[in-house]
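Overview (structure and organization)
What follows is each chain in one-letter form.
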Amino acid sequence: MVMAYLLPRLQSLKKSLLELLFEVGAFAYAGVCGLIAAQCMVLNAPSSVQTLTVANAMSYGAAMASRNAGRPAIAIGQLVLAAGPVIIAGAISPDLAHRVLAGITALFLPAMISISVSIFEVMRTSIAAAETSTRLAEKMQLLARTDVVTGLYNRAGLNHHLVERLMRLQGNRKFALFWLDLDRFKEVNDTLGHPVGDRVLSEIATRLRKQCPPDATIARFGGDEFIIACETDSRGELETLAASLLEAITQPIRIDGDRLQIHSSMGIAMMPDDGNDIDSLMQGADLALYHSKVNGRNQFSFFDPSMTRDLVRRREIESELRLAIQREELSIYFQPIVDLGTGRIRSFEALVRWFHPEKGELKPDEFIPVAEETGVIITLGNWITAQAAKTAAQWPEDVTLCVNLSPLQLRAPGAALGILGAIREAGLKPSRLELEITESVFLEADETTDNFIRQLAAEGVRFALDDFGTGYSSLGYLDKYPFSKIKIDRSFVSGLDVGRKSDAIIRAVAEMANTLEMEIVAEGLETVEQVRAVRAAGCTLGQGYYFSRAVPDYLAALLLVQEHEGARRLTA
C-alpha cells in the first residue's frame with residue numbers, strides 16, 4: 001500500500017527534476033557560447049577565432065529558437081543568452097565592424113524570437129487539433145460501440161469487450177454468459193408504441209446494472225435481447241444471479257399511467273465447461289435460451305449438450321410440419337366426453353395425430369409446442385377446426401364438438417371470421433362448437449381477446465375453460481367471459497397427489513359451477529372408483545380412458561351408433 005502511494009509521486013518528482021536539469025543545462029550552455037564569443041571580441045582575438053565563436057553562438061541560438069519552440073521560454077532564453085553578450089560586446093567596442101555586428105545581431109534577435117513564437121503557435125494549434133481529433137475519434141468509437149436507447153454496449157461493443165475480458169481471464173476462474181430475451185415484448189411495441197418500448201428497454205437496462213456484479217459486461221444484443229458476461233467461481237453463484245435478474249425484470253413498470261409487467265427467458269453457458277471460445281459460448285447460451293422459451297418462458301436454463309440434439313429434432317419437425325397437412329399425414333381423433341348421470345356421450349374433443357411415413361406416430365407433445373413457437377399453429381388450428389367440423393356435422397344434433405384453441409390463434413387477424421367460415425362450410429351449427437381456452441390466454445388478454453370471444457359468442461359458439469386449477473384460476477375470468485363449462489385438470493383426478501385436498505377442491509369448484517349454471521368436466525378418468533368419486537363430488541361430465549381413448553372419426557361414429565342402438569333396445 002505504501003509503495004502504491006509513493007511510486008506515482010516519486011515518478012512525478014523525477015520528471016520535474018529532469019526538466020529542471022534540462023533547463024539549467026540549456027541556459028548554461030547558451031550563456032557559455034555567448035560569453036566566449038563576446039570575450040574573443042573584447043580581447044580582439046584573431047579574426048578567424050572571432051568569426052568561429054560568434055558564428056557558433058549565433059548558429060546555436062538560431063537553432064534552439066526553432067528546436068525548442070515548443071517551450072518558448074527556453075527557446076527565447078537560450079537565444080538571448082547566446083546573442084546578448086555578442087550585442088553588448090559589439091556595442092562597447094571601438095571597432096566599427098564590431099558595432100555593425102552588434103546592430104545586425106540586435107535585429108537578428110527579435111526576428112528569431114518572432115519565428116520561435118510563430119512555430120510555437122503552429123505547434124500548439126496542431127496539437128490542439130490532434131487532441132480534438134483524438135477526442136472525436138474516441139467519442140465516435142464509443143458511440144459506435146454503445147446502444148443509444150439503453151446506454152449499454154451494443155453488439156460491436158460487446159464483441160470488442162469480450163475479447164479483452166477473456167485475455168485478462170485468470171486460468172482458475174470460469175466465465176459465464178447470460179442471454180436474456182424479453183417475453184412477448186413485440187406486443188408492447190405494437191400496442192403502446194415504440195417510444196414506450198424504448199423506455200421499457202431503458203428501465204430493464206437500469207435494473208440489470210443494479211443486479212449484476214460491478215465488473216460484469218452488459219450489452220443490448222439487439223431488439224429485446226440482452227447479454228451479460230461475468231467471471232464466476234461456481235454454478236451456484238450463477239443460479240443466484242439468474243434468479244435475482246428474473247425477479248428484478250418481473251417487477252412492474254409504470255410508464256405514463258400504464259402498469260406493465262415484463263417477463264424474461266434466459267439461457268446460461270459457461271467457459272470452459274460449455275466451450276473454449278466466444279462463439280461456442282454464445283451458441284450454448286442461445287440454445288439454453290431457446291430451451292427456456294420452449295419450456296414455458298419466464299425461467300432460466302443452463303446449457304446441456306442434449307439441447308443440441310433437441311434443436312435438430314425440433315427443426316426437423318418444423319420443416320416437415322408445414323408439409324404434413326398437404327401430404328395428409330395428420331389425422332383428427334375424437335375422445336368422448338360422457339354425461340356422468342346418464343352415461344351418454346355429450347361431446348367429442350378433437351385431438352390431432354401425426355403419422356409420419358418414416359418416424360411413425362409423433363406425439364402432440366413433440367410437435368404442438370414447435371407449431372406454437374413457429375406460428376404454424378395458426379394454420380394447423382384452422383385446419384383442425386375445419387376437418388373436425390365436417391365430421392361433427394354428421395353426428396346427432398345433441399352431440400357437440402370441442403376444439404382446443406391456441407393463444408396465437410386467438411390473436412391472429414380475422415381469427416373469429418376464419419372459425420365461423422369453417423363451421424358454415426362444414427354445415428355445423430355454431431351452438432354445437434365449443435372452444436376450449438386455457439387460463440394462459442388471459443394473462444395477456446387485451447381488446448383483441450375480448451373482441452374474439454364476444455364476436456363468436458354472439459353467433460352462438462360456446463366456450464370452456466380448460467385445465468382449471470393449474471394456472472391462476474382467477475374467478476374474474478368466469479365473471480367476465482361467457483364460459484359454459486369448466487374442465488378440472490387431470491392432476492386433481494388421477495395425479496400423484498390425489499387425496500382429501502384434491503377431492504375438496506373438486507367439490508368446491510363443482511359447487512361454484514352449479515351456482516353459475518356451468519357444467520364441470522373431470523379429465524383423466526381411468527377407473528370406476530375415480531368416476532364414482534368425481535360424480536359424488538359434483539362433476540357432471542367425465543373424460544378419460546375409462547370411457548374411451550381418442551379414436552378415428554369412423555370409430556367415433558360407431559360409438560354413437562352403438563349408444564343409439566343400446567338406448568333403443570332399452571326402450572323397446
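These numbers were taken from a predicted model, which means no experiment stands behind them.

**Here's the deal with the pairing of strand 13 (residues 462-468)**
Of all 7 residues that make up strand 13, 5 are buried, and the element is covered over most of its length. As defined by bridge partners, strand 12 (residues 433-438) adjoins strand 13 across 5 bridges and the pair is classed as parallel. Looking at strand 13, one finds that Glu436 is bridged to Ala464. Sheet topology note: the strand 13/strand 14 (residues 483-488) ladder contains 4 bridges and is parallel. Following the sheet pairing, Leu465 is matched in strand 14 by Ile486.

**Points about the environment of Met282**
The residue Met282 is located in helix 9 (residues 278-294) in this model. What makes Met282 buried here is its relative accessible area of 11%. The residues contacting Met282, other than those within four sequence positions of it, are Leu177, Trp179, Phe221 and Ile227.

**Focus on the sheet that holds strand 6 (residues 264-271)**
Strands pair in a sheet through their backbones, by hydrogen bonds, and they do so in one of two ways: parallel or antiparallel. Strand order in the open sheet formed by 5 strands is 2-3-1-6-7, and the pairing between neighbours is mixed. For this open sheet the edge positions go to strand 2 (217-222) and strand 7 (300-302), each flanked by a neighbour on one side alone. For this sheet, the mean angle separating the axes of adjacent strands, direction not counted, is 20°. With 3 bridges joining them, strand 6 and strand 7 adopt parallel strand pairing. Within strand 7, the position partnered with Gly267 by the bridge is Ser301. The sheet contacts of helix 8 (residues 235-250) involve strand 1 (174-182), strand 3 (225-232), strand 6 and strand 7, and relative to strand 6 the element is tilted by about 160°. Against the sheet, helix 9 contacts strand 1, strand 2, strand 3, strand 6 and strand 7, and its axis sits at roughly 145° relative to strand 6.

**A look at a nonpolar patch on the surface**
A cluster of nonpolar side chains, contributed by Leu17, Leu18, Leu20, Leu21 and Val24, occupies part of the molecular surface with about 500 Å² of accessible area. The topology assignment puts Val24 in helix 1 (residues 2-42).

**Digging into the pattern of salt bridges**
Here the structure, examined in full by the defined rule, presents 19 salt bridges. Between Glu320 and Lys359 there is a salt bridge, with the nearest N and O atoms lying 3.3 Å from each other. Taken together, the residues span a long stretch of sequence, with Glu320 in helix 10 (residues 306-324) and Lys359 in the loop between strand 9 (345-356) and strand 10 (360-362) at a distance of 39 residues. With a closest N to O distance of 2.7 Å, Lys485 and Glu434 form a salt bridge. Taken together, the residues span a long stretch of sequence, with Lys485 in strand 14 and Glu434 in strand 12 at a distance of 51 residues.

**So, the nonpolar core**
Core analysis: the largest hydrophobic core is formed by 73 residues, its most contacted members being Phe334, Leu380, Leu401, Leu433, Leu435, Phe452 and Leu456. In terms of residue count, helix 12 (residues 376-392) provides more of this core than any other element does, 8 residues in total. Beyond its immediate stretch of four places on either side in the chain, Leu435 contacts Val403, Leu405, Ile419, Phe452, Leu456, Val461, Arg462, Phe463 and Ala464. Residues Ala176, Val200, Ile255 and Met270 belong to the second largest nonpolar core, which totals 33 residues.

**Digging into the environment of Leu35**
For Leu35, the position within the fold is in helix 1. When its relative accessible area of 54% is taken as the criterion, Leu35 is described as exposed. Counting along the chain gives 243 residues from Leu35 to Ile278, while the straight-line C-alpha distance between them is 70 Å.

**Brief notes about the pairing of strand 15 (residues 519-522)**
Along any regular strand the residues' side chains alternate between the sheet's two faces. As judged from the 4 bridges shared by strand 14 and strand 15, these two strands associate in the parallel manner. Residue pairing in the sheet places Lys487 in a bridge with Val521 of strand 15. Taken together, the 2 bridges between strand 15 and strand 16 (residues 541-542) define a ladder with parallel strand orientation. Considered in strand 16, the bridge of Ala522 is made with Gly542. Handedness of the β-α-β unit built from strand 15, helix 20 (residues 528-537) and strand 16 comes out right-handed.

**Observations regarding helix 3 (residues 72-92)**
For helix 3, built from 21 residues, the straight-helix expectation of 30 Å at 1.5 Å per residue is met to within 8% by its first-to-last C-alpha distance of 29 Å. Residue Ala83 marks the point of greatest curvature in helix 3, where the axis turns by about 30°; the proline Pro85 follows within four residues.

**Here we look at the packing of aromatic side chains**
For the structure shown, the criterion picks out 8 aromatic pairs. On the numbers, 6.5 Å between centres and 85° between planes, the contact of Phe334 with Phe348 is edge-to-face. Linking Phe334 in strand 8 (residues 330-339) with Phe348 in strand 9, this pair joins segments that are 14 residues apart in sequence. The residue whose ring lies beneath Arg235 is Phe302, and the NZ or CZ to ring-centre distance is 3.9 Å. Above the face of the Tyr545 ring, Arg549 is positioned so that its terminal group lies 4.0 Å from the ring centre.

**Description of unusual backbone geometry**
Of note, the bond from Met271 into Pro272 is cis; its omega dihedral lies within 30 degrees of zero at 10°. Even without a glycine there, the phi angle at Asn44 is positive, about 55°. Examined against the element boundaries, Asn44 turns out to sit in the loop between helix 1 and helix 2 (47-67). Assessed through its relative accessible area of 55%, Asn44 is described here as exposed. The phi dihedral of Glu328 is positive, around 60°, even though this residue is not glycine.

**Thoughts on the confidence of the model for the protein chain**
Averaged over all residues, the pLDDT of the protein chain is 82; the fraction at 70 or higher stands at 91%. Taken element by element, the predicted model of the protein chain shows its lowest mean pLDDT in helix 15 (residues 440-443) (66) and its highest in strand 11 (residues 400-404) (94). Within the model, the stretch residues 1-6 combines pLDDT values under 50 with 1 contact to residues more than four positions away or in other chains.

**Focus on the packing of helix 7 (residues 194-211) against helix 8**
Following both chains from N to C, one finds helix 7 and helix 8 inclined at 150°, their axes separated by 10 Å at the closest point. Regarding the angle of helix 7 to helix 8, the classification is roughly antiparallel. In the packing of helix 7 onto helix 8, the handedness of the crossing is right-handed. Touching Ile204, Arg207, Leu208 and Gln211 of helix 7 are Leu241, Ser244, Leu245, Ala248 and Ile249, all from helix 8. Considered class by class, the residues forming the contact of helix 7 with helix 8 number 6 nonpolar, 2 polar and 1 charged.

The rules we used
Residues numbered from 1 in each chain as written. Predicted model: local features only at pLDDT ≥ 70, side-chain atom pairs only at ≥ 80, totals over all residues. Heavy atoms only, no water. Buried < 20%, exposed > 50% of the residue type's maximum accessible area, 1.4 Å probe, protein only. Helix = DSSP H or I, 4+ residues; strand = E, 2+ residues; numbered from the N terminus. Pairing = 2+ DSSP bridges. Contact = heavy atoms within 4.5 Å. Axes fitted to C-alpha atoms, helices over the stretch in contact; angles between N-to-C directions. Patch = residues over 30% accessible without salt bridge, like charges linked within 9 Å, V, L, I, M, F, W, Y side chains within 5 Å. Areas by Shrake-Rupley, 256 points an atom, 1.4 Å probe, with all protein chains shown as cover. Salt bridge = Lys/Arg side-chain N within 4 Å of Asp/Glu carboxyl O. Core = buried A, V, L, I, M, F, W, Y, C linked by side-chain atoms within 4.5 Å. Right-handed = clockwise from strand over helix to strand, strands pointing away. Expected span 1.5 Å × (residues − 1). Bend = angle between axes of the 7 residues up to and from the residue. Phe/Tyr/Trp six-rings, centres within 6.5 Å; stacked < 30°, edge-to-face > 60°. Lys NZ or Arg CZ within 6 Å of the ring centre and 35° of its normal. pLDDT = per-residue confidence, 0-100. Parallel < 35°, antiparallel > 145°, perpendicular 65-115°, else oblique. Left-handed = near helix turned anticlockwise from the far one by under 90°. Nonpolar A, V, L, I, M, F, W, Y, C, P; charged D, E, K, R; others polar.

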